[in-house]
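Take a look at the letters that make up each chain.
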Amino acid sequence: MRPSTKALIAAGTGIAAGIAGLALTALPAGADDDPVLPAIDAEQLVASALEARPPAFAGVAEVQNELGLPSVPGTPIDAELLDFDAVRVFHDGEESARVQVERQSSELTFVKTPDEAWAYDSQENTVQHVTWDEADLAAAREHAGGSAAGEMTNGLADPSQAATEIIERLRPTSDIVVDGTARVAGRAAYELVLTPKPAEKTLLREVTVAIDEETRVPLRFDVFANGSSDPVLSLGFVEFEVGAQDADLFEFTPPEGAEVETTEAGDLAGAAGERAGAESGAEGTEPGTEQGLTTVGDGWDTVVIGAAPADAPGAPAGALPEGSAESGQDLDGLLGQIGEPVSGEFGSGTHVPFAVGGVIIADDGRIAAGAVPQQVLVDALGTE
Amino acid sequence: MTTGGPMATGPMTLPEGTVPPEVLPARRRAPFGRLLRAEVRWIFRRPRTLVVLALLAALPVITGVAVDLSLDGPGASAPVGPGAAGAGGEAPIFVTMATSAFVLPLGSLMTLLMLLLPLTVAMASGDALAGEQSTGALRGWLLAPVARGRLLVVKSVGVLVVALAASTLVVTSGLVTGLVLAGTDGLVSMSGTELSIGGVLWRLAIAIAWATVYLMAVGAVALAISASTEHPMVVVVSVLGGLIVSQVLLQFSALDWLHPYLLPSSLDSLVDLIRDPVSFDGLAEGAFRALCYLVIGLSLAYARLTTRDG
């Protein structure tokens, strides 16, 4: 063989192999066929999902966020809430769980055990520690939306808990059907589809939850908006493995030098309310009734109304301390750029739309948010 | 051509007269081990190699001391001041645990892997073929006699040694600086768990190995360019240019589909070593991507080297 032929073959094979390898890493995972599963009733599926206790598992979840949330400091519109790369979830099958929210160069770690919960933020190097005893626990379980500690671990980050709660809340106002099957994280799952009843004035088209056939753990949660075929929000496991977990994972000792804040579960209701408010701003699904938040309507067209924090742009200028007046004006400018002025019975304000809903920041300092058209927000502010 | 070294280069020895061909027994190959030793000795005898290695060793020390001073200075009342954390929006681990013996070596390695470490490797690759070609030293290799395939292996191993030495140096320097500044305090993962010395050491060892594979991918591409030119400067410039362009392209989310094909897109995965438990998915994907680049680079270098004259 002539050297030039040999060289051509070597170069050709090498480049082909290398590029094929690179293309392999670019391939989206899970292009398998839908599995064939025994038929199941929607009611049965929901009930079994609600009853099922998650097994011991380790999983990795990812989020795809096309909500188009603008980030406005000082308001519940906070796009950073969903700004993470991946979430790792570990569950021991009993009461303990560990959730690690991986951000680009920091991490939020939540560890929950039967009688305490820890939250560690590596960016701030702070630890929140919540303890409770039996009496607290009983009270906390009755608390709307779960205990404060539960809120910390169950919140948006853990898809199995998030989807379960959401199904429960939407049942009265939604049509729930099982629509085929899917393969999520390599596991066979039923696709549960929730569609708003026709009377609901929402911008959402449907919400699908993929529920694992074997363990009945919700594996994926997709939100679809009117007029788009791709989900605007997708949160789901990309890896899910059932199996016993290392007990060390469910222990937490605050690192030396970290700022530790310890609270009793009872005191935390307020803090949880704040957090719930932040989440409902993004999600429009949380019927938060705590801490100055009120809701108008129920189900899909719930509108959450709250008061803006004192340093928020809508607050009366006179109430602002000297230093923050300037930043308040900057924020007004920012609001003008991302939103449109709106007025109605309630007065006037700024409407900031995003993919599945909108927020009105009224000039009197109130904020209304929901997965609804602008007019519903205006009406809600007027009726409150 | 690979086995025909002596015949192909025979005529050219006459004007040079360095090794009279009749002295060599026919078809005798130069011992491989000796060639490798000679190559490595040459690399570490070049002043520029030593200078850049010294620079690489000094940078983690400078980073550690500078961060230590800035933390001790205005923020003395609050050791981990929120002001400090707020200022460095892009790299919070640097601020909160920057002087720890765990974060300093990894952080330095990540920062230097952006440009300075690839520069070192590109320089070595440029010298390996293009540099020796321009000074005529490459002919000596072919006269030894060394088949061209083996020549490429020797040169690749030389680059590998540079990559390994450079990343080990950065990590070691960072580790020592961290130990001096903070002792064994602050061996904390990003998940808030305290790590044992052993836990830190195996994580750092993985970091060195991963960085070496990454740098070898850069080196393989550089060797391919090096085999096609006589100017080592061209090698360095095109490798750095390629890396900078890739890093710019990585900034655009509209080009998401392109990102898996870009070598630097896996650099962020090194952060996963600071998490506990370590998730190896990103690192494995990055290593695989680097191996793809390695195959492409080395096959191109081989093709160019075997068809090139003299």
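What counts and how
Residues numbered from 1 in each chain as written. Chains lettered and ligands numbered in written order. Predicted model: local features only at pLDDT ≥ 70, side-chain atom pairs only at ≥ 80, totals over all residues. Heavy atoms only, no water. Helix = DSSP H or I, 4+ residues; strand = E, 2+ residues; numbered from the N terminus. Buried < 20%, exposed > 50% of the residue type's maximum accessible area, 1.4 Å probe, protein only. Contact = heavy atoms within 4.5 Å. Areas by Shrake-Rupley, 256 points an atom, 1.4 Å probe, with all protein chains shown as cover. pLDDT = per-residue confidence, 0-100. Pairing = 2+ DSSP bridges. Buried area = accessible area lost by both parts, 1.4 Å probe. Salt bridge = Lys/Arg side-chain N within 4 Å of Asp/Glu carboxyl O. Axes fitted to C-alpha atoms, helices over the stretch in contact; angles between N-to-C directions. Polar contact = N/O pair within 3.5 Å; in protein donor to acceptor, adjacent residues only side chain to side chain. Core = buried A, V, L, I, M, F, W, Y, C linked by side-chain atoms within 4.5 Å. Patch = residues over 30% accessible without salt bridge, like charges linked within 9 Å, V, L, I, M, F, W, Y side chains within 5 Å. Lys, Arg positive; Asp, Glu negative; His and termini not counted. Charge placed at Lys NZ, Arg CZ, Asp CG, Glu CD. Phe/Tyr/Trp six-rings, centres within 6.5 Å; stacked < 30°, edge-to-face > 60°.

A. Main features of the overall build of chain A. Across its full length, chain A holds eight helices and 18 strands. Counting over 384 residues, chain A shows a buried share of 51%. A separation threshold of at least 6 residues defines the contact pool for chain A, and within that pool the share at least 24 residues apart is 53%. Split by element, the accessible area of chain A, about 17400 Å² in all, is 50% carbon and sulfur.

B. Examining the confidence of the model for chain A more closely. All names here are of chain A. Mean pLDDT over chain A works out to 73, with 70% of the residues at or above the 70 mark. Of all the helices and strands in chain A, helix α4 (residues 148-154) carries the lowest mean pLDDT, 46, while helix α1 (residues 3-26) carries the highest, 88. Every residue in residues 73-79 is under pLDDT 50, and counting partners more than four places away or in other chains gives 20 contacts. Confidence drops under a pLDDT of 50 for residues 275-290, and excluding neighbours within four residues, the segment shows 38 contacts in the predicted structure.

C. Region of interest: the pairing of strand β14 (residues 303-307) of chain A. All names here are of chain A. Across the five residues that make up β14, a large majority, four, are buried. Note that strand β13 (residues 294-296) and β14 share three bridges and pair antiparallel. Counted as the bridge partner of T295 is V304 from β14. Hairpin connection of β13 to β14: six residues between the antiparallel strands, including G297 at a positive phi of 80 degrees. Direction of pairing for β14 relative to strand β18 (residues 366-370): antiparallel, over a ladder of four bridges.

D. Up close: the interface of chain A and chain B. Each partner contributes to the interface: chain A provides 40 residues, whereas chain B provides 41 residues. Both faces considered, chain A and chain B share a buried interface measuring about 3100 Å² in area, 60% of it formed by carbon and sulfur atoms. Taken as a group, L22, T25 and S105 of chain A account for 19% of the area that chain A buries against chain B, more than any other trio of residues on that side. Taken together, the connections running from chain A to chain B amount to two salt bridges. Across the pair R275 of chain B and E102 of chain A runs a salt bridge whose closest N-O atoms are separated by 3.6 Å.

E. Examining unusual backbone geometry more closely. Backbone torsion omega between D276 of chain B and P277 of chain B reads -5 degrees, so that peptide bond is classified as cis. Topologically, P277 of chain B is positioned in the loop between α11 (232-249) and α12 (281-307). The backbone of A185 of chain A shows a phi angle near 50 degrees, a positive value even though the residue is not glycine. Among the structural elements, A185 of chain A can be located in the loop between β7 (174-184) and β8 (187-196).

F. Summary view of the sheet that holds strand β4 (residues 107-113) of chain A. Residues and elements named next belong to chain A. Strand order in the open sheet made by the 12 strands is β7-β8-β9-β10-β11-β1-β2-β3-β4-β5-β6-β12, with mixed pairing throughout. What marks the edges here is a single partner per strand, and that holds for β7 and β12 (259-264). In this sheet, adjacent strand axes meet at a mean angle of 15 degrees when their direction is disregarded. Sheet contacts for helix α2 (residues 42-51): β7, β8 and β9 (204-212); angle to β7, the most-contacted strand, approximately 75 degrees.

G. Looking closely at the sheet that holds β18 of chain A. Residues and elements named next belong to chain A. Within the open sheet, the six strands sit side by side as β13-β14-β18-β17-β16-β15. Their pairing is antiparallel. At either end of the open sheet lies a strand with only one pairing partner, and these are β13 and β15 (340-344). On average, each strand axis in the sheet is tilted by 25 degrees relative to the strand beside it, whichever way the strands run. Across the face of the sheet, helix α8 (residues 374-383) comes into contact with β13, β14, β15, β16 (347-354), β17 (357-362) and β18 while running at roughly 40 degrees to β17.

H. Representation of the side chain of T109 of chain A in the model. Tracing the chain through its elements places T109 of chain A in strand β4. T109 of chain A sits in the buried class, given a relative accessible area of 1%. A polar side-chain atom of T109 of chain A sits 3.3 Å from a polar atom in the side chain of E107 of chain A. Among residues more than four places away in sequence, those in contact with T109 of chain A are R98, V99, Q100, W118, A119 and Y120 of chain A together with M190 and S191 of chain B.

I. Local environment of the nonpolar core. L56, L109, L113, L117, Y214 and L270 of chain B are the most contacted members of the largest nonpolar core, which has 71 residues in total. Listing elements by their share of this core, those giving two or more residues are α3 (47-72), α6 (103-114), α7 (116-135), α8 (137-143), α9 (148-182), α10 (197-226), α11 and α12 of chain B. In terms of residue count, the dominant contributor to this core is α10 of chain B (15 residues). Residues in contact with L270 of chain B, not counting those within four places in the same chain, are L109, M110, L113, A207, W210 and L283 of chain B. Ranked by size, the runner-up nonpolar core spans 50 residues in total, among them L45, V99, I176 and L233 of chain A.

J. Geometry of a negative patch on the surface. On the surface, a cluster of negative charge is contributed by E62, D85, E239 and E241 of chain A together with D268 and D281 of chain B. Within the secondary structure layout, E62 of chain A lies in strand β1 (residues 56-65).

K. Layout of a positive patch on the surface. All names here are of chain B. Together, R34, R37, R41 and R45 make up a region of like positive charge exposed at the surface. Mapped onto the secondary structure, R41 falls in helix α2 (residues 32-45). Taking the relative accessible area as the measure of exposure, R41 reaches 48% and is therefore partly exposed.

L. The arrangement of the confidence of the model for chain B in detail. All names here are of chain B. Residues at a pLDDT of 70 or more form 81% of chain B, whose mean pLDDT is 81. Below pLDDT 50 for its whole length, residues 74-92 participates in 16 contacts with residues either more than four positions away or in separate chains. Predicted complex, confidence summary: ipTM 0.74, pTM 0.74.

M. Focus on the pattern of salt bridges. Residue and element names in this part refer to chain B. Considering all chains together, one arrives at 15 salt bridges over all chains under this definition. Between R203 and D276 there is a salt bridge, and its shortest N-O distance comes to 2.9 Å. Of the two residues, R203 sits in helix α10 while D276 sits in the loop between α11 and α12, which places them 73 residues apart along the sequence.

N. View of the packing of aromatic side chains. Residues and elements named next belong to chain A. As enumerated under the stated definition, the model contains six aromatic pairs over all chains in all. Here the aromatic rings of F57 and F237 are separated by 5.9 Å at their centres, their planes lie at 85 degrees, and the arrangement is edge-to-face. Here the residue F57 occupies a position in strand β1, and F237 occupies one in strand β11 (residues 233-242), the gap between them amounting to 180 residues. The exposure class assigned to F57 is buried, which follows from its relative accessible area of 0%. Accessibility expressed as a relative area gives 3% for F237, which makes it buried. Here W118 and F252 contribute two aromatic rings whose centre-to-centre distance is 5.4 Å and whose plane-to-plane angle is 40 degrees, an arrangement assigned as tilted. Of the two residues, W118 is situated in strand β5 (residues 116-121) and F252 in the loop between β11 and β12; the sequence distance between them amounts to 134 residues. Taken individually, W118 and F252 each receive the classification buried, so the pair is uniform in this respect. Clustering of aromatic rings is evident, with ring pairs tying together F57, F237 and F240.

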